[in-house]
Amino acid sequence: MEKIPIKQHYVPVCYLKNFTINNTNLRNKNILTNFFQIKDCLLKTNISIKSICTKTYFYGEDGLIEKRFAVSEKKWSNLLKKIINSNKFSLTNEDISLLKKFIIWQYARTYSYYDHTNESLSELLNTINLNHKNINLPMSKIIENFSSNIKLINDLKIAIIKFQTKNILITSDNPVLNLNFFTPKNCGFANIGCLLMLPISPNILAILYDSKFYKVDNNFIISTNANDVVSLNNYQFFNSKERIISNDENILISYSQNQAFIDEKIRIQNREKTTTLKTNPGSIIAFHNPFIPCLYQLDFIKLPKSTTSIALDIRNSLVMPRTYDEKYYKKICVALYIISNIKNDSLNIYAGKDRKKQLSIYKNFIEDYWNLKLKERIYDGKSLKNVRINRFTSK
């Protein structure tokens, strides 16, 4: 009978091998790396990759999910080697599909995602019933529920960025960055502006991006921009759950000495996972997707110029799916109409004489993104009389 591992990795060894300080041809227990544990301000060097990013029976004692990941990790390991050893974009359609699955599952299989999911559900139920005990969904159930999300990234394009700089990329116990430069607080996989990034090695980054929104010059880019590496490492720091990981301990030391970053990281980690808005009658409870509340410019990816003139708070106020839906479009138009006619705005989100101009640019951009013909576009409120708005969700 095959033995089920007690310690189960939520960041696989085949990935961690790429951020080690000695020969990756050694047996796994002898392959070493360094990490900085943020909350405890603890720097550890020469640590076996077998001992980090694991939890006891994290995927369950039956071993079913652990075995499924183990089978996939053999293919993912070969794919990562292929990317690292290539000086051009050499991925086949099968490779692209494999890389997308690796990135999306690496996002979902972590302790960070497990914790966020359970904390969000607990906050929700505690809002409804103050005496409710905290939720503790098993990771196997979370993985099962997440499976439907995979199809949402099928349309995203892939690019590989190879950095030729003195600075090197770090990774973490939550290595997949889920960003959205269009709506930074709405990072759903189905949304316009979806951007997933994963460092493959200390000098290689893989990105999945919405090609109708972002401009990326090529599917294989050689970059000498050291500032991009610093920005990506900062993103990695704030995105981590407990620790950042690198084969260069000097980088970790620099973060360990940055108290302002550490304080901000802890503040981000302790923020509420839901928001409750009192209405009459009842309440609206909104879930927050995990997002990084900071934006660093990246040289290799460009945004549409028209969107940069729209205030960030306006962009964050609505969720925009990449796939056109007529009913949703009408709800968006109603919401924009309501926002444009707000006279007193205590939050100062929509204030200013150029509010309607910004909302008009916003609406036109969405319509252009969806390739709506002129006859399909809404120009007045006549067709919106019977449209009801209850909530906007982010997948």
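Coordinates for the structure precede this section.
To keep things clear, this report deals only with the structure shown in the data block.

The rules behind each value
- Residues numbered from 1 in each chain as written.
- Predicted model: local features only at pLDDT ≥ 70, side-chain atom pairs only at ≥ 80, totals over all residues.
- Heavy atoms only, no water.
- Helix = DSSP H or I, 4+ residues; strand = E, 2+ residues; numbered from the N terminus.
- Buried < 20%, exposed > 50% of the residue type's maximum accessible area, 1.4 Å probe, protein only.
- Contact = heavy atoms within 4.5 Å.
- Salt bridge = Lys/Arg side-chain N within 4 Å of Asp/Glu carboxyl O.
- Pairing = 2+ DSSP bridges.
- Expected span 1.5 Å × (residues − 1).
- Bend = angle between axes of the 7 residues up to and from the residue.
- Core = buried A, V, L, I, M, F, W, Y, C linked by side-chain atoms within 4.5 Å.
- Axes fitted to C-alpha atoms, helices over the stretch in contact; angles between N-to-C directions.
- Parallel < 35°, antiparallel > 145°, perpendicular 65-115°, else oblique.
- Left-handed = near helix turned anticlockwise from the far one by under 90°.
- Nonpolar A, V, L, I, M, F, W, Y, C, P; charged D, E, K, R; others polar.
- 1 Å grid on protein atoms, 1.4 Å probe; cavity = no way out; pocket = protein on both sides within 12 Å on 5 of 7 lines; lining within 4 Å.
- Points joined across faces, edges and corners; volume = space filled by probe spheres on them.
- Phe/Tyr/Trp six-rings, centres within 6.5 Å; stacked < 30°, edge-to-face > 60°.
- Lys NZ or Arg CZ within 6 Å of the ring centre and 35° of its normal.

### Notes on the overall build of the protein chain
- Assigned secondary structure in the protein chain consists of 12 helices and 13 strands.
- Looking at the 395 residues of the protein chain, the share that counts as buried comes to 49%.
- In the protein chain, the share of contacts with a sequence separation of at least 24, taken over all contacts with a separation of at least 6, comes to 73%.

### Here we look at the pattern of salt bridges
- Taken as a whole and assessed by the stated rule, the structure comprises 10 salt bridges.
- Arg109 is the salt-bridge partner of Glu73, the closest N and O atoms lying 2.9 Å from each other. Taken together, the positions of Glu73 in helix 2 (residues 64-84) and Arg109 in the loop between helix 3 (93-108) and helix 4 (111-128) put the pair 36 residues apart, joining distant regions of the chain. Across the pair, exposure class does not vary: Glu73 and Arg109 are buried alike.
- Linked by salt bridges that have partners in common, Lys363, Glu367, Asp368 and Arg377 make up one network.

### Brief notes about the pairing of strand 3 (residues 42-48)
- Examined bridge by bridge, strand 2 (residues 32-37) and strand 3 share five bridges and lie antiparallel to one another. The residue bridging Phe35 from the neighbouring strand is Lys44, located in strand 3.
- Between the end of strand 2 and the start of strand 3, which pair antiparallel, lie four residues, with Cys41 showing a positive phi angle near 50 degrees.

### Some words on the sheet that holds strand 2
- Read across the sheet, four strands follow the order 3-2-11-6 without closing on themselves; strand pairing throughout is antiparallel. Across the chains shown, the open sheet's two edge strands, defined by having one partner strand only, are strand 3 and strand 6 (171-172).
- As paired strands, strand 6 and strand 11 (residues 243-246) are joined by two bridges and run antiparallel to one another. Residue pairing for strand 11: Thr171 is matched across the bridge by Ile245.

### Some words on helix 2
- Taking 1.5 Å per residue, 21 residues should reach 30 Å; helix 2 reaches 30 Å between its end C-alpha atoms and fits that length.
- Remark: the principal bend of helix 2, roughly 30 degrees, maps to Glu73.

### Some words on the nonpolar core
- Residues Met197 and Phe300 are the most contacted members of the largest nonpolar core, which totals 57 residues.
- For this core, the element with the highest residue contribution is helix 11 (residues 326-340), accounting for six residues.
- Beyond its immediate chain neighbours, meaning those up to four positions away, Met197 contacts Pro175, Val176, Leu177, Leu179, Leu205, Ala206, Ile207, Leu232, Leu298 and Phe300.

### Things to note about the packing of helix 3 against helix 5 (residues 139-146)
- For the pair helix 3 and helix 5, the least separation of the axes is 10 Å and the interaxial angle reads 140 degrees. In terms of orientation, helix 3 and helix 5 fall into the oblique class. By crossing handedness, the relation of helix 3 to helix 5 is classed as right-handed. On helix 5, the residues touching Ile104, Trp105, Tyr107 and Ala108 of helix 3 are Met139, Ile143 and Phe146.
- Considering only residue class, the contact of helix 3 with helix 5 consists of seven nonpolar, no polar and no charged.

### Concerning empty space enclosed by the protein
- Going through the model one piece at a time under the given rule, you end up with four cavities of 30 Å³ or more.
- Taken together, the residues of the lining of the second largest cavity sort by class into five nonpolar, two polar and one charged.

### A short note on the sheet that holds strand 5 (residues 157-163)
- One open sheet holds the five strands; their spatial order is 7-8-9-5-10, and the pairing between them is mixed. A single partner strand is all that each edge strand has here, and the edge strands are strand 7 (177-180) and strand 10 (220-223). Ignoring strand direction, the axes of neighbouring strands in this sheet form an average angle of 25 degrees.
- With six bridges joining them, strand 8 (residues 194-201) and strand 9 (residues 204-209) adopt antiparallel strand pairing. Along strand 9, the bridge assignment pairs Leu195 with Tyr209.
- Strands in contact with helix 6 (residues 226-239) are strand 5, strand 7, strand 8 and strand 9; relative to strand 7, the strand with the most contacts, it is inclined by about 110 degrees.

### As for the packing of helix 2 against helix 3
- Contact geometry for helix 2 and helix 3: axes closest at 10 Å, N-to-C directions at 115 degrees. Considering how the two elements wind past one another, helix 2 and helix 3 form a crossing that is left-handed. Residues Phe69, Lys75, Trp76, Leu79, Leu80, Lys82 and Ile83 of helix 2 pack against Asp95, Leu98, Leu99, Lys101, Phe102 and Trp105 of helix 3.

### Some details on the environment of Lys44
- One can find Lys44 in strand 3.
- Residues Lys44 and Glu249, spaced 205 residues apart in sequence, show a C-alpha to C-alpha distance of 8.7 Å.
- Apart from residues lying up to four places away in sequence, Lys44 is in contact with Asn34 and Phe35.

### Some words on the packing of aromatic side chains
- One pass over the structure, following the stated rule, counts 34 aromatic pairs.
- Plain terms: the ring middles of Trp76 and Phe102 are 5.2 Å apart, the flat faces sit at 55 degrees to each other, and that makes the pair tilted. With Trp76 in helix 2 and Phe102 in helix 3, this residue pair connects regions lying 26 residues apart in the sequence. The two residues Trp76 and Phe102 agree in class, both being buried.
- Three or more aromatic residues joined by ring pairs form one cluster here, namely Tyr10, Phe58, Tyr59, Phe69, Trp105, Tyr107, Tyr111, Tyr113, Tyr114, Phe146 and Phe189.
- The ring of Phe69 is capped by Arg109, whose NZ or CZ atom sits 4.1 Å from the centre of that ring.
- Positioned over the ring face of Phe35 is Arg243, at 4.5 Å from the centre of the ring.

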